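Below, each chain spelled out in residue letters.
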Amino acid sequence: MRLCGYEWTGERHIGRVLDDGSIMPVAPVNVFYADTAGFLAKAAVDSGERVSADATMRPAVPKSARVPCVGLNYKAHAAEGNLPIPDRPVIFGRFAASLAVDGDAIPRFDEQTDWEGELAVVVGRPLLRASPDEARGAILGYAVFNDVSARSFQFHSSQWSLGKNGDNSGIMGAIVTA
C-alpha cells in the first residue's frame, strides 16, 4: 500500500494512492499518526471517495515530525568527500519544515548544492529506548528521499544542520507500507 500526504482546505491529510493513481482520503495527518494500525486497516478498503484534483501534495508526515538522519553511512560516500570513516554514526537533524514532495521547486541557495538518493524509514508510533525488535515493529513504511545539501554551509561547523535544512531540500516520496 502506498500512502501520500496532501493539503486540502488548509489541513494536511494522509491518503492512499490507488493503482490508477487516484488518491483515497484516509485521515488528517495528526489523527492518522495517533492510530496508524487502525487507519491502515481503514485504508485497506476502498471507500469510493477520492481526493479533489485541487489538493496540494505534501509530505506524508506531521509538521511536528522529528527527522533524524545518518551521515557518512557508507565508505564510498566518506571517501568521496575526503572524510574519515567515523567510529560512530554521524547523526544530524532535519527540520520537518524543510521537507517537500516531487515537483516542488528546489531553490539553489548554494554554489555547492549536492544531492543524494536516500531511503527514509518512517516510524509510525512513538519510541523511547526501544529494543531492536520494538523499533522494527514501529516501522510504518519506507519512502525514497532526495537529500539536497548546501555543502559550503554544511561544513562551516561540526553540526550539519545549516547545510541540510534549506527550504524544500528534503524531497520525500510516497510511503510504501512495511
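What counts, and at which threshold
- Residues numbered from 1 in each chain as written.
- Predicted model: local features only at pLDDT ≥ 70, side-chain atom pairs only at ≥ 80, totals over all residues.
- Heavy atoms only, no water.
- Helix = DSSP H or I, 4+ residues; strand = E, 2+ residues; numbered from the N terminus.
- Rg over C-alpha atoms; globule rule 2.2 N^0.38 Å.
- Buried < 20%, exposed > 50% of the residue type's maximum accessible area, 1.4 Å probe, protein only.
- Areas by Shrake-Rupley, 256 points an atom, 1.4 Å probe, with all protein chains shown as cover.
- Lys, Arg positive; Asp, Glu negative; His and termini not counted.
- Charge placed at Lys NZ, Arg CZ, Asp CG, Glu CD.
- Core = buried A, V, L, I, M, F, W, Y, C linked by side-chain atoms within 4.5 Å.
- Contact = heavy atoms within 4.5 Å.
- Polar contact = N/O pair within 3.5 Å; in protein donor to acceptor, adjacent residues only side chain to side chain.

Peer 1: Sorry if this is basic, but what is going on with the overall build of the chain here?
Peer 2: The helix and strand tally for the chain stands at six helices and 11 strands. A compact globule built from 178 residues should have a C-alpha radius of gyration of about 16 Å, and the chain, at 17 Å, falls within 12% of that. Based on the C-alpha atoms only, the size of the chain along its principal axes is roughly 55 × 40 × 25 Å. The buried share of the chain, reckoned over its 178 residues, is 38%. For the chain, the accessible area works out to roughly 10600 Å², and carbon and sulfur atoms hold 54% of it. Of note, the chain has its 17 positive side-chain charges centred 6 Å away from the centre of its 21 negative side-chain charges.

Peer 1: It is not clear to me how the environment of Leu-18 should be interpreted in this structure. Could you clarify?
Peer 2: With respect to the element layout, Leu-18 can be found in the loop between strand S2 (11-17) and strand S3 (23-28). Between the alpha carbons of Leu-18 and Leu-162 there is a distance of 37 Å; along the sequence they are 144 residues apart.

Peer 1: What's the story with the nonpolar core in this structure? I'm lost.
Peer 2: One recurring pattern in soluble globular proteins: nonpolar side chains tend to sit buried together. Formed by 27 residues in total, the largest nonpolar core has its most connected members in Ile-14, Val-26, Phe-32, Tyr-33, Met-172 and Ile-175. Those residues in contact with Ile-175 that lie beyond four places of it in its chain are Met-1, Arg-2, Leu-3, Tyr-33, Ala-60, Val-122, Leu-140, Gly-141, Tyr-142 and Ala-143. In terms of nonpolar packing, the next biggest core, distinct from the first, is built from six residues, Cys-4, Val-17, Val-51 and Ala-55 among them.

Peer 1: What is the right way to look at the side chain of Thr-36 in this model?
Peer 2: Structurally, Thr-36 can be placed in helix H2 (residues 36-43). A relative accessible area of 14% means that Thr-36 is categorised as buried. At 3.4 Å, the side chain of Thr-36 forms a polar contact with the backbone oxygen of Gly-124. Dropping the residues within four chain positions of it, Thr-36 is found in contact with Gly-124 and Leu-140.

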